[in-house]
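Structural overview for review
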Amino acid sequence: MTDFKYKPRIADSILQKKLKSSGAVLVEGPKWCGKTTTSEQHANSVNYISDPVNFNKNQILAEMNINALLEGDKPKLLDEWQVIPQLWDAVRFSVDHSKGIGQFIMTGSAVPPDDDKQQRIHHTGTGRITRLRMRPMSLLESGDSSGEVSLKYLFENPGATIFSEPQKALDDIAFLICRGGWPIATTLEMDYALETAFDYYKAVTDIDMSRVDGIKRSPTRTKRLMRSLARHQGTQVTIAGIKSDMAANDTDSLDVDTVSSYIDVLKKIFVIEDMEAWNPNLRSKAAIRTSDTRYFVDPSIATAALGIGPADLTNDLNTMGLLFETMAVRDLRVYADALGGEVFHYRDSNGLECDSVIHLRNGKYGLVEIKLGGESLIREGAATLNKLASAIDTDKMKEPAFKMILTAVGNLAYKREDGIYVVPISSLGD
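1. Quick look at the environment of glycine 381
With respect to the helices, strands and loops of the structure, glycine 381 is situated in helix α17 (residues 375–391). Separated by 186 residues in sequence, glycine 381 and glutamate 195 have C-alpha atoms that sit 34 Å apart. Residues in contact with glycine 381, not counting those within four places in the same chain, are Glu369, Lys371 and Ile405.

Here's what the structure looks like:
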């Protein structure tokens, strides 16, 4: 049996800050990503709402004396609060009347169904409850990146020189894509670590899709949907396009509304996290495309849906490139959270695309192209970054703080003569 040792998360510092500025913090994200374990590090008492031993008692108290569920040393952790949706208003009311900060931490791996929200939640919680999104571990958090190239450093020191010698080969990156960032998987031997993603995928298709709102959904149809999404990682495929892809193997009637409803559930349980479009000021009259880009919250979900492993990826570099992008986006989102930033994509009517734009609250931004590696792909990424940078109207907004090509592998992290950084993902950190 593996001894448990908590691996610090980037969310730790974010949670500490939020507890010092808000009455309650809602920590949300996919199950198994570490929400409860991280929240436990900051709580002085805990109520595991869905614990089978106390579940019936918790339900009774929710109807008779809901404040009893809130008693305990603060911050009080209410784990899987959405099982009893009326806890939301109880927490909001308690925070409102105590006038205190850092009172509660709430964790949830699903958004309550709309009907429950309408019947049992009567206030948005604005000003009382703030949100923190957690995702599976980045490579820095799992110990698979040195973090020698810091995003924060690049934002604060434009043009700075960088240097790092990463140790990951292509086979290593293929394994990390398939293993994913599930905390438990990072503690297991390689042969066993890969099983976590398949277990997660099976739980989503067979249980979670129906449990979230009590509506029975077809596991077979869910699997077809997730396979289609896996094949379209990093694209702006429409719901109609996904329907057509699924319909080839779906003998039952299938319409856009059905596909959309299934996708909505996957969003509610934080399995997919699409990326919004970036909307900069441009010198040209190109129209910016606003469709979201499709991503799973972790690349291992895609490999599990496709039924493939590390060797399959190294034998099919096109697929590996798509799923490496999903892993890179996961890590960029985690690191951007630490800086108070968000990650977007860019695409316009002239066909110019940029994989990721990290945009901070202060208006600073960095442009990132994601490539497996190799000189030809790096040159291609550099051309894209320079073309986009030249199209931005810097009279109306700042110049990019940096331009980066984020690669799967490479011997060095370095700055090119044109100022573009080439950074293997196993050197990147917050």
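2. Quick notes on the environment of leucine 339
Tracing the backbone shows leucine 339 in the loop between α16 (317–338) and β7 (341–347). The spatial distance from the C-alpha of leucine 339 to the C-alpha of leucine 360 is 7.0 Å, given a sequence separation of 21 residues. With near-sequence residues (within four places) excluded, leucine 339 lies in contact with Leu151, Lys152, Phe155, Leu360 and Asp430.

3. Some words on the packing of helix α11 (residues 219–231) against helix α14 (residues 299–306)
Following both chains from N to C, one finds α11 and α14 inclined at 120°, their axes separated by 8 Å at the closest point. As the angle between them shows, α11 and α14 are arranged oblique. Handedness of the crossing formed by α11 with α14: left-handed. Note on element contacts: α14 touches α11 through Ile301, Ala302, Ala305 and Leu306, opposite Met226, Arg227, Ala230 and Arg231. Its residues assigned to classes, the contact of α11 with α14 comprises six nonpolar, no polar and two charged.

4. Concerning the pairing of strand β12 (residues 421–424)
Here β12 shows a buried face lined by Tyr421 and Val423 and a second buried face lined by Val422 and Pro424. Summarising the sheet, strand β10 (residues 402–407) and β12 pair through four bridges and their orientation is parallel. Paired with methionine 404 across the strands is tyrosine 421, a residue of β12. Bridging between strand β11 (residues 414–415) and β12 involves two bridges; their strand directions are antiparallel. Bridge assignment links lysine 415 to a residue of β12, and that residue is tyrosine 421.

5. Structural notes on a nonpolar patch on the surface
A cluster of nonpolar residues, Ile184, Leu188 and Tyr192, forms a patch on the protein surface that exposes about 300 Å² of accessible area. Note that isoleucine 184 resides in the loop between α8 (170–179) and α9 (190–193).

6. Observations concerning α16
With 22 residues, α16 extends 31 Å between its outermost C-alpha atoms, agreeing within 8% with the 32 Å of an ideal straight helix rising 1.5 Å per residue. Glycine 340 sits one or two residues past α16 and shows a positive phi near 70°.

7. Considerations on the packing of aromatic side chains
Aromatic ring pairs are reported here in terms of the distance separating the ring centres and the angle at which the planes meet. One pass over the structure, following the stated rule, counts six aromatic pairs. Ring plane angle 75° and centroid distance 6.3 Å describe the contact between tryptophan 278 and tyrosine 346, whose orientation is recorded as edge-to-face. Residue tryptophan 278 is found in the loop between α13 (256–268) and α14, and its partner tyrosine 346 is found in strand β7; the two are separated by 68 residues along the sequence. Accessibility assignment for this pair places tryptophan 278 and tyrosine 346 in one class, buried.

8. Observations concerning the packing of α8 against α14
Relative to each other, α8 and α14 sit at 85°, their axes nearing to 6 Å. By the angle class used here, α8 and α14 are roughly perpendicular. Contact with α8, carried on its side by Ile177, Cys178 and Arg179, involves Pro299, Ser300 and Thr303 of α14 and no other residues of that element. Residue composition of the contact of α8 with α14, by class: three nonpolar, two polar and one charged.

9. A word on the pairing of strand β3 (residues 76–79)
Residues Lys76 and Leu78 line one face of β3 and the alternating positions Leu77 and Asp79 line the opposite face, and both faces are buried. In the sheet, strand β2 (residues 45–48) pairs with β3 via four bridges, with the strands oriented parallel. When the sheet's bridge partners are listed, valine 46 is paired in β3 with leucine 77. Pairing of β3 with strand β4 (residues 104–108), which is carried by four bridges, proceeds in the parallel orientation. Considered in β4, the bridge of leucine 77 is made with isoleucine 105. Following the backbone out of β3, through helix α4 (residues 87–98) and into the adjacent parallel β4, one traces a crossover that is right-handed.

Conventions we followed
Residues numbered from 1 in each chain as written. Predicted model: local features only at pLDDT ≥ 70, side-chain atom pairs only at ≥ 80, totals over all residues. Heavy atoms only, no water. Helix = DSSP H or I, 4+ residues; strand = E, 2+ residues; numbered from the N terminus. Contact = heavy atoms within 4.5 Å. Axes fitted to C-alpha atoms, helices over the stretch in contact; angles between N-to-C directions. Parallel < 35°, antiparallel > 145°, perpendicular 65-115°, else oblique. Left-handed = near helix turned anticlockwise from the far one by under 90°. Nonpolar A, V, L, I, M, F, W, Y, C, P; charged D, E, K, R; others polar. Buried < 20%, exposed > 50% of the residue type's maximum accessible area, 1.4 Å probe, protein only. Pairing = 2+ DSSP bridges. Patch = residues over 30% accessible without salt bridge, like charges linked within 9 Å, V, L, I, M, F, W, Y side chains within 5 Å. Areas by Shrake-Rupley, 256 points an atom, 1.4 Å probe, with all protein chains shown as cover. Salt bridge = Lys/Arg side-chain N within 4 Å of Asp/Glu carboxyl O. Expected span 1.5 Å × (residues − 1). Phe/Tyr/Trp six-rings, centres within 6.5 Å; stacked < 30°, edge-to-face > 60°. Right-handed = clockwise from strand over helix to strand, strands pointing away.

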